Amino acid sequence: MDDEPLVTRMRPFGETVFAEMSRLAAETGAVNLGQGFPDTDGPPALLEAAARHIREGVNQYPPGPGRPELRSAVAADRKRRYGIDLDPDAEVYVTVGATGGIASSVLGLVEAGDEVVVFEPMYDSYAAVIALAGGVRRPVTLRPGADGRFTFDSGELRAAVGPRTRMIIVNTPHNPTGTVFTRDELAAVAEVCRDNDLIALTDEVYEQLVFDGAEHHPLATLPGMAERTLAVFSIGKTFSVTAWKTGWVTGPEPLVRAARTVNQFLTFTANGALQLAAADALHDEGAWVRRQREALQAKRDRLCAGLRSAGLEVLRPQGTYFVITDIRGLGYSDGIELARALPRTAGVAAVPAQVLYDTPEEGRHLVRFAFCKRDEVLDTAVERLVAAFGG
């Protein structure tokens, strides 16, 4: 047997950086600002509904496409907030988290040799699942402007598209930069998709976690995009239940069918009790989400101020759980070196941004911190960083 039995296309992918940094945090007792999970629970009614449904016997396979209650709730939510009309039976499909939705969508729509345009830095599952599909990544780099907000060059986007391009993946609000794409930026994406007959796969898991009056615009609402956009969502980030791994894809029936065809042989279906609880939350927990958004904005501001006091340059995010920092003010130029040292030297864990790039030099000097933590946890992390670096 080959000394390395793993298939060739997956050999570049080992332990994820998120798992590595969380492991280092556990080993050293560091404050974990690396992996993006909250340390507080979601709405009490949501948790109680899940427990009630389990006790009432919702413990066997739900329908493969997902519980009709959740699919109907998703369709109603999209209609209410964005005016998007969806058939819950044909245009909404429940997956095991957004990661499962992304995987089944790419595997169902990308042939070997097809090219996929991605904005970098990118959530790490994109690169892995494109490789699994035998696809080829074509990165377009997001760079900070004078105001610190990350954006892209529309000329570079057009140049990334070629005759083999099949899909573009659009993540907004964007992990890890925190950028919320403007309507003008999305219009540039839409134009490229229409001109080149591309499928758009949109990762919108942070859609409700935007700050300072920023507004999330679904790409599917732009002219000519509803019929070519497959959108992915999850309850985990919005309602602080990341372990639930309950998500969904929405879009035109042919695209949803492609994801469904693959997913039925991956996970088949997702937890039915959690789906029922999620359906209730979409109907009833809008006020809780608003309070959560306000709390996260305050946490963002708290951590950003603290990171500046420790000597880091902060690139202030418009949404998500994360803030990107430029580490060169600390005397470092390599994010991996700093991130691997921080748990032991400062008692804090973070994620080096360069591992989320296909062109790592673009992000070598950047490190990501998560602010979705209790205030006292953020304060402890800042105190440790200031003590370590003399800010």
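Note that the coordinates shown come from a computational prediction; the quantities given were computed from them, not determined experimentally.

1. A closer look at the UniProt feature "domain: Aminotransferase class I/classII large" (unreviewed entry) in the chain
- In the numbering adopted here, UniProt assigns the feature "domain: Aminotransferase class I/classII large" (unreviewed entry) to residues 31–385.
- Regarding residues 31–385, the helix share stands at 41% and the strand share at 17%, and the terminal C-alpha atoms are separated by 11 Å.

2. Side note on the pattern of salt bridges
- In this structure the tally under the stated criterion is 34 salt bridges.
- The partner of Arg-164 in a salt bridge is Asp-114, and the shortest N-O contact between them spans 3.3 Å. Taken as a pair, Arg-164 in the loop between helix H6 (154–160) and strand E7 (165–171) and Asp-114 in the loop between helix H4 (97–109) and strand E3 (115–120) lie far apart in primary sequence, 50 residues in all.
- Exposure remark for Arg-164: the relative accessible area of 41% places this residue in the partly exposed category.
- Residue Arg-300 pairs with Asp-301 through a salt bridge whose shortest N-O separation is 2.8 Å.
- The exposure class of Asp-301 is partly exposed, given its relative accessible area of 31%.
- One salt-bridge network, held together by shared partners, links Asp-77, Arg-78, Arg-80, Arg-81, Glu-204 and Glu-207.

3. What to know about the packing of aromatic side chains
- If you walk through the whole model with that rule in mind, you get 11 aromatic pairs.
- Relative to Trp-288, the ring of Phe-239 has its centre 6.1 Å away and its plane inclined at 25°; by these criteria the two rings are stacked. Of this pair, Phe-239 sits in the loop between helix H8 (235–238) and strand E10 (247–250) while Trp-288 sits in helix H11 (residues 286–309); the two residues are 49 residues apart in sequence, bridging distant segments of the chain.
- By relative accessible area, which is 3% here, Phe-239 ends up buried.

4. Looking at the domain arrangement of the chain
- You can read the domains of the chain as domain 1 (8–42 + 287–389) and domain 2 (44–284).
- For domain 1 and domain 2, the distance between their C-alpha centres works out to 24 Å.
- The interface is formed by 35 residues belonging to domain 1 together with 41 residues belonging to domain 2.
- When the two sides are added together, the surface that domain 1 and domain 2 hide from each other amounts to roughly 3400 Å², 59% of it contributed by carbon and sulfur.
- It is Gln-318, Thr-320 and Asp-358 that lose the most area in domain 1 upon contact with domain 2, and together they represent 20% of the buried surface on that side.

5. A word on the side chain of Ser-104
- Residue placement: Ser-104 occurs in helix H4.
- A polar atom in the side chain of Ser-104 sits 3.3 Å from the backbone oxygen of Gly-101.
- Other than its neighbours up to four places away in sequence, Ser-104 contacts Thr-95, Ala-258, Ala-259, Val-262, Asn-263 and Leu-266.

Definitions and cut-offs
Residues numbered from 1 in each chain as written. Predicted model: local features only at pLDDT ≥ 70, side-chain atom pairs only at ≥ 80, totals over all residues. Heavy atoms only, no water. UniProt positions renumbered as here; feature names shortened; annotations may be inferred. Helix = DSSP H or I, 4+ residues; strand = E, 2+ residues; numbered from the N terminus. Salt bridge = Lys/Arg side-chain N within 4 Å of Asp/Glu carboxyl O. Buried < 20%, exposed > 50% of the residue type's maximum accessible area, 1.4 Å probe, protein only. Phe/Tyr/Trp six-rings, centres within 6.5 Å; stacked < 30°, edge-to-face > 60°. Domains from an automatic or database assignment. Contact = heavy atoms within 4.5 Å. Buried area = accessible area lost by both parts, 1.4 Å probe. Polar contact = N/O pair within 3.5 Å; in protein donor to acceptor, adjacent residues only side chain to side chain.

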